[in-house]
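Listed below, chain by chain, are the residues.
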Amino acid sequence: MSIQHDKQTLIAENNYTDENRRQIAVRYGHLLSYSDEAIARYLSQNTELE
């Protein structure tokens, strides 16, 4: 399934929690070929919620 579909499903199920948000962000980061270290850095710098 697509990342966007999974995200929308989590939102619809009211299950888009901190951990699920992080997992979606990591999947997007990998899709963009970011390293795990870069993803972790971006996540730690980002305090905004969508």
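Caption draft 1: Main features of the packing of helix α2 (residues 18-31) against helix α3 (residues 36-45). Running from N to C, α2 and α3 point in directions that differ by 135°, and their axes come no closer than 10 Å. Between α2 and α3, the interaxial angle falls into the category oblique. The interaxial crossing formed by α2 with α3 has right-handed handedness. Where α2 abuts α3, its residues Arg22, Ala25, Val26, Gly29 and His30 lie against Asp36, Ile39 and Leu43. In terms of residue class, the contact of α2 with α3 is made up of 4 nonpolar, 2 polar and 2 charged.

Caption draft 2: Focus on a nonpolar patch on the surface. Nonpolar side chains collect at one region of the surface, where Leu31, Leu32, Tyr34 and Tyr42 lie side by side and expose about 430 Å² of accessible area between them. By the element assignment, Leu31 lies in helix α2. Judged by its relative accessible area of 60%, Leu31 falls in the exposed class.

Criteria and cut-off values
- Residues numbered from 1 in each chain as written.
- Predicted model: local features only at pLDDT ≥ 70, side-chain atom pairs only at ≥ 80, totals over all residues.
- Heavy atoms only, no water.
- Axes fitted to C-alpha atoms, helices over the stretch in contact; angles between N-to-C directions.
- Helix = DSSP H or I, 4+ residues; strand = E, 2+ residues; numbered from the N terminus.
- Parallel < 35°, antiparallel > 145°, perpendicular 65-115°, else oblique.
- Left-handed = near helix turned anticlockwise from the far one by under 90°.
- Contact = heavy atoms within 4.5 Å.
- Nonpolar A, V, L, I, M, F, W, Y, C, P; charged D, E, K, R; others polar.
- Patch = residues over 30% accessible without salt bridge, like charges linked within 9 Å, V, L, I, M, F, W, Y side chains within 5 Å.
- Areas by Shrake-Rupley, 256 points an atom, 1.4 Å probe, with all protein chains shown as cover.
- Salt bridge = Lys/Arg side-chain N within 4 Å of Asp/Glu carboxyl O.
- Buried < 20%, exposed > 50% of the residue type's maximum accessible area, 1.4 Å probe, protein only.

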